[in-house]
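Structural characterization, general
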Amino acid sequence: MKYYEVIFLEEILFYLKKIVKRLNTEHRIKHIMGVAYTAKILAEKYNENEIKAEIAALGHDLFRDVKPYKFLKIAKVYGIDISYVEEKNPILLHGKIAAEYLKREYEIPNDIYEAIYYHTSGYKYFNNIGKILFISDSIEPTRNYDNVEYFRNIANIDLDLAYKEILKNKIIFALNKEHYLLKETIDAWNYNINK
Ligand SMILES: [Fe+2]
Ligand SMILES: [Fe+2]
């Protein structure tokens, strides 16, 4: 990576750290910092750019606690295509909105944009930064649910397998709870099942 690219990323990181500190939900800050911690470890393990992983982590849930009625309004302003499922459950738009915001404000690189944009659903074409964010979001230190240790263990061994297993777990969870499934999630599953 070129010197000026590193400086550019360091600058985004600097501003994002300030924004995260100003969020008004204590548990959200803890979660975001936990995701950043885990994402950096995974980036180092899998030879990915640690600054990019940290930026993706710090940015992914910036809009998570916005009042629900605002999601649809902001999404429309950003020109995001709102699916039937997102219209029914607008909080699912928080990743897409964060990605669009960070693209406009800080010109984040495309791999970070995609990682944040699809962090809720998964994505059929995820690169490693996307996989690292998706996995870190589910296994960061404050997460506590059945099987979390299993996912932490696989994340240490095989990034692709951890991505697939966490995606599968999310789908099973959604079906058991009779929650909506995003189309992107189904596509991500279909494209990754044979890998
Ligand atoms: Fe999120
Ligand atoms: Fe998150």
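Since the structure is predicted, the reported quantities are computational estimates derived from the model, not experimental observations.

1. Quick notes on the nonpolar core
Soluble, globular proteins show a tendency: their nonpolar side chains are buried together. Leu 16, Ile 55, Ile 97, Ile 108, Ile 116 and Ile 135 are the most contacted members of the largest nonpolar core, which has 58 residues in total. Contact partners of Ile 116, with chain neighbours within four places excluded, come to Ile 55, Ala 56, Gly 59, His 60, Gly 95, Lys 96, Ala 98, Ala 99, Leu 102 and Leu 133.

2. A look at helix α11 (residues 183–192)
Turn by turn, an α-helix covers 3.6 residues, leaving residues three or four places apart pointing in a common direction. Along α11, the positions that sit buried rather than exposed are Glu 184, Thr 185, Ala 188, Trp 189 and Asn 192. Angularly, the buried residues of α11 cover 140° about the axis, an arc narrow enough to put them on a single face. On its buried face, α11 is in contact with α5 (84–88), α6 (94–106) and α10 (159–176).

3. Concerning the environment of Glu 11
Checked against the element boundaries, Glu 11 lands in helix α1 (residues 3–21). In the structure, Glu 11 is positioned 95 residues away from Tyr 106 in sequence and 9.1 Å away in space, judged by C-alpha atoms.

4. Here's the deal with the coordination of the iron ion (ligand 2)
The protein atoms that coordinate the iron ion (ligand 2) are His 31 (NE2), His 60 (NE2), Asp 61 (OD) and Asp 137 (OD), at distances of 2.1 to 2.2 Å. One can describe the site at the iron ion (ligand 2) as irregular: its four donor atoms subtend angles covering 81 to 175° at the metal. If you list the donors of the iron ion (ligand 2) from N- to C-terminus, the spacing comes out as H-x28-H-D-x75-D. Between the iron ion (ligand 2) and the iron ion (ligand 1) the interatomic distance comes to 3.6 Å, and Asp 61 is a ligand of both metals.

5. Observations regarding empty space enclosed by the protein
Think of a ball as big as a water molecule: rolled over the atoms, this probe shows where empty space is left. Scanning the entire structure with this criterion turns up one cavity of 30 Å³ or more. Its residues placed into classes, the lining of the largest cavity shows three nonpolar, three polar and three charged.

What counts and how
- Residues numbered from 1 in each chain as written.
- Chains lettered and ligands numbered in written order.
- Predicted model: local features only at pLDDT ≥ 70, side-chain atom pairs only at ≥ 80, totals over all residues.
- Heavy atoms only, no water.
- Core = buried A, V, L, I, M, F, W, Y, C linked by side-chain atoms within 4.5 Å.
- Buried < 20%, exposed > 50% of the residue type's maximum accessible area, 1.4 Å probe, protein only.
- Contact = heavy atoms within 4.5 Å.
- Helix = DSSP H or I, 4+ residues; strand = E, 2+ residues; numbered from the N terminus.
- Arc of directions from axis to C-beta.
- Donors = N, O, S within 2.8 Å, 3.2 Å for Na, K, Ca; no water.
- Tetrahedral: all angles 85-135°; square planar, octahedral: opposite > 155°, others 65-115°.
- 1 Å grid on protein atoms, 1.4 Å probe; cavity = no way out; pocket = protein on both sides within 12 Å on 5 of 7 lines; lining within 4 Å.
- Points joined across faces, edges and corners; volume = space filled by probe spheres on them.
- Nonpolar A, V, L, I, M, F, W, Y, C, P; charged D, E, K, R; others polar.

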